[in-house]
Amino acid sequence: MKNNDNFVLRNTWYYALPSNQIKPGMMISRIFLGEPVLLVRDQNGKVSAMRDICPHRAVPLSCGRFDGQEVECCYHGWRFNSAGRCTAIPSLVEEQQMDLSRFDVQSYEVREAQGNIWIYMADPDKSQPAASDMEIPVIPGFEERSLRGASPTPQFVEVMKFPCFVDHAVVGLMDPAHSPYVHRAWWWRSGQLHEEVKQFDASPYGFTMRRHRLPANGGRLYLLIGGGVPETEISFRLPSVRIEETTIGNHRVVNLTAVTPISDTETEVTFVLYSTLPWVGFFKPLLHVLAQTFLGQDRTVVEKQQIGLKYNPVLRLIKDSDMQAQWYYQLKREYARSVAEGREFVNPVKDQVLRWRA
Ligand code: FES
Ligand SMILES: [Fe+2]
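The name that an unreviewed UniProt entry assigns to the chain is Rieske (2Fe-2S) domain protein, with the source organism given as Nostoc punctiforme.

Shown next, in the form of structure tokens:
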């Protein structure tokens, strides 16, 4: 259920799926922003995406076969390469020369980096992609395997579906005031509310909570790592990416959380973890339980929120603790406007200190 002036942002990169979910020669059918998308990885390892509907008589192409190069529709055998080009219509006899490019399938731009596959969802009403210099998020320091144990592949990935419109999942990610009520756990923080004072700065297509020391009772998990006082920096960027980087001594732990709209009532949240701590991989089963618990708490409260949202109430965001949510809506509106007007994006976020109790 949508509220206020909510809309799904287009002409931007969304998280599609973790790289390791699609092996060479494989195809996967997904829905993003209400559109059926077929992702394929060819024999050379390149991922491509096209509309998962045969232009002939609308059978999903994913019902057919992919031979590592071309997709063949299961109904009449029309074939398409990974760029969506129609390459064969088997029923045509030799004299029936036809311009097959009339039957191409819509393709989508795809990028792959650091174990993540991103898809560019353009405006469906425009044939030309909008001019935007927005790029996929890349986590500095994890581009190559060589750096201090840093690896470009995530050590851990968790995906969870939320039964809500994308905005509610995004706003929940950046909402500091819900933690003491929603995320109660012995390993996460004590129950006492205390005042937080944080400096925020505008950053590309979003904003960043400036690097700060984690309080002694914050992030107990990090204290297990040892090696100093953990420091954290959290950034948000359009359309829906949150990157939290924690340093402990010489080590870095970075998590990327990306939110992808599936439909107006379903959203996928992907949590990806990178670190310079090689042993993190051994704790996958434990991390899985923690992530399921943590994200599950967010999902449970969002499910409850849907009960109220059915009545389309106007939501009352307050100053300070909801400021990040307000910025999100402002960023979204400004991005959509700048694309529509064909002009440069002007970040609406003004550097400032926010205070709240959490
Ligand atoms: S429906 Fe796909 S080939 Fe006819
Ligand atoms: Fe949460």
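Structural notes on the overall build of the chain
What the chain contains, in helices and strands, is five helices and 19 strands. Counting every position in the chain, which comprises 358 residues, the buried fraction comes to 50%. Long-range pairs, those at least 24 residues apart, make up 60% of the contacts in the chain between residues at least 6 apart in sequence. Here the chain displays about 17,800 Å² of accessible surface, and carbon together with sulfur accounts for 53% of that area.

Some details on a nonpolar patch on the surface
On the surface, Trp279, Phe282, Phe283 and Leu286 cluster together to form a nonpolar patch covering roughly 470 Å² of accessible area. Relative to the helices and strands, phenylalanine 283 resides in the loop between strand E18 (266–275) and helix H4 (284–309). Looking at phenylalanine 283, the relative accessible area reads 40%, which means it is partly exposed.

Overview of unusual backbone geometry
Omega for the bond connecting leucine 238 with proline 239 falls within 30 degrees of zero, at 0°, which places this linkage in the cis form. Inspection of the secondary structure assignment puts proline 239 in the loop between strand E15 (231–237) and strand E16 (241–248). In this structure, asparagine 312 is a non-glycine residue whose phi angle is positive, near 55°. Checked against the element boundaries, asparagine 312 lands in the loop between H4 and helix H5 (323–340). Residue classification places asparagine 312 among the partly exposed residues on the basis of a relative accessible area of 46%. The backbone of aspartate 320 sits at a positive phi, close to 70°, despite the residue not being glycine. Among the secondary structure elements, aspartate 320 is positioned in the loop between H4 and H5.

Concerning the pattern of salt bridges
According to the stated counting rule, one finds 20 salt bridges in the structure shown. Between aspartate 104 and arginine 85 there is a salt bridge, and its shortest N-O distance comes to 2.9 Å. You can see aspartate 104 sitting in the loop between strand E8 (86–88) and strand E9 (107–108) and its partner arginine 85 sitting in the loop between strand E7 (79–81) and E8, a full 19 residues away along the chain. Judged by relative accessible area, which is 24%, aspartate 104 ranks as partly exposed.

Some details on the coordination of the iron ion (ligand 2)
Around a metal, the perfect tetrahedron of four donors has angles of 109.5 degrees, and the perfect octahedron of six donors has angles of 90 or 180 degrees. Taken together, the protein ligands of the iron ion (ligand 2) are His178 (NE2), His183 (NE2), Asp298 (OD) and Asp298 (OD), with distances of 2.0 to 2.7 Å. Classification of the site at the iron ion (ligand 2) rests on its four donor atoms, whose angles at the metal span 52 to 149°, yielding the label irregular. Each donor residue of the iron ion (ligand 2) belongs to the same chain, and together they define the spacing H-x4-H-x114-D. Of this pair, histidine 178 sits in the loop between helix H1 (166–173) and helix H2 (179–182) while aspartate 298 sits in helix H4, and the two are 120 residues apart along the sequence. On the basis of relative accessible area, aspartate 298 is assigned to the buried category, the value being 12%.

Things to note about the sheet that holds strand E3 (residues 35–41)
The four strands lie next to each other as E2-E3-E4-E9, forming an open sheet whose pairing is antiparallel. Lying at the two open borders of the sheet, with one neighbouring strand each, are strand E2 (27–32) and E9. Pairing between strand E4 (residues 47–51) and E9: two bridges, direction antiparallel. Residue pairing in the sheet places methionine 50 in a bridge with serine 107 of E9.

Cut-offs used in this document
- Residues numbered from 1 in each chain as written.
- Chains lettered and ligands numbered in written order.
- Predicted model: local features only at pLDDT ≥ 70, side-chain atom pairs only at ≥ 80, totals over all residues.
- Heavy atoms only, no water.
- Helix = DSSP H or I, 4+ residues; strand = E, 2+ residues; numbered from the N terminus.
- Buried < 20%, exposed > 50% of the residue type's maximum accessible area, 1.4 Å probe, protein only.
- Contact = heavy atoms within 4.5 Å.
- Areas by Shrake-Rupley, 256 points an atom, 1.4 Å probe, with all protein chains shown as cover.
- Patch = residues over 30% accessible without salt bridge, like charges linked within 9 Å, V, L, I, M, F, W, Y side chains within 5 Å.
- Salt bridge = Lys/Arg side-chain N within 4 Å of Asp/Glu carboxyl O.
- Donors = N, O, S within 2.8 Å, 3.2 Å for Na, K, Ca; no water.
- Tetrahedral: all angles 85-135°; square planar, octahedral: opposite > 155°, others 65-115°.
- Pairing = 2+ DSSP bridges.

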